[in-house]
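Architecture and fold: a report
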Amino acid sequence: MLTAPQDQVPLLFIEVDNCHETPEELAAKLEKYARFFKRQVKDTDGKERPMWRTRWTARETWSGDRTHPPVLLVFNRIGERNPDRTVPRLQES
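Residues numbered from 1 in each chain as written. Predicted model: local features only at pLDDT ≥ 70, side-chain atom pairs only at ≥ 80, totals over all residues. Heavy atoms only, no water.

1. Regarding helix α1 (residues 23-38)
With 16 residues, α1 should reach 22 Å at 1.5 Å per residue; the first-to-last C-alpha distance of 23 Å fits that figure. Buried residues along α1 sit against β2 (9-17), β4 (48-50), α2 (51-55), β5 (71-75) and α4 (83-92). (Helix = DSSP H or I, 4+ residues; strand = E, 2+ residues; numbered from the N terminus. Expected span 1.5 Å × (residues − 1). Contact = heavy atoms within 4.5 Å.)

2. A short note on the confidence of the model for the chain
Per-residue confidence for the chain averages 83 on the pLDDT scale, and 90% of its residues sit at or above 70. Across the chain, the secondary-structure element scoring lowest on mean pLDDT is helix α3 (residues 60-63), at 56, and the one scoring highest is strand β3 (residues 40-42), at 92. (pLDDT = per-residue confidence, 0-100.)

3. Overview of the pairing of β2
Of the pairings in the sheet, the one linking strand β1 (residues 2-4) to β2 comprises 2 bridges and is antiparallel in character. Considered in β2, the bridge of Ala4 is made with Val9. Judged from the 5 bridges that link them, β2 and β5 form a sheet pairing that is parallel. The residue bridging Ile14 from the neighbouring strand is Leu72, located in β5. (Pairing = 2+ DSSP bridges.)

4. Topic: the pattern of salt bridges
Applying the stated criterion across every chain, the model contains 7 salt bridges. Across the pair Arg49 and Asp43 runs a salt bridge, and its minimum N-O distance is 3.5 Å. Here Arg49 falls in the partly exposed class, since its relative accessible area comes to 23%. Connected via shared salt-bridge partners are Glu15, Glu21 and Lys29. (Salt bridge = Lys/Arg side-chain N within 4 Å of Asp/Glu carboxyl O. Buried < 20%, exposed > 50% of the residue type's maximum accessible area, 1.4 Å probe, protein only.)

5. Some thoughts on the environment of Pro83
Topologically, Pro83 is positioned in helix α4. By relative accessible area, which is 3% here, Pro83 ends up buried. On a C-alpha basis, the gap between Pro83 and Gln8 in space is 28 Å, while along the polypeptide they are 75 residues apart. In this structure Pro83 touches Cys19, Phe75 and Arg77, once residues within four positions along its chain are discounted.

6. A word on the side chain of Glu15
Looking at the element boundaries, Glu15 is found in strand β2. Here Glu15 falls in the buried class, since its relative accessible area comes to 12%. Among all residues touching Glu15, those that are not within four sequence positions of it are Lys29, Tyr33, Val71, Leu72, Leu73 and Val74.

Dropping the structure here:
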């Protein structure tokens, strides 16, 4: 997770792929992020809110009606898999 409000990035989740996982495993991780961001809990004021908002701050006006902050997928070419072939397969998933 990264915050850099001075650069107009109030909240950004980062997933680093070391090129050891299959595109299907990466797609499953992105699905888990989506499920996590959809979780609702009662905040201290008793109102239902996205759970991530109770743990990390981002201005309400920043995200508008978005249900979650962005997730940046970074490919670190340590493993044997070529990320250039992974991206098209992820787009199909």
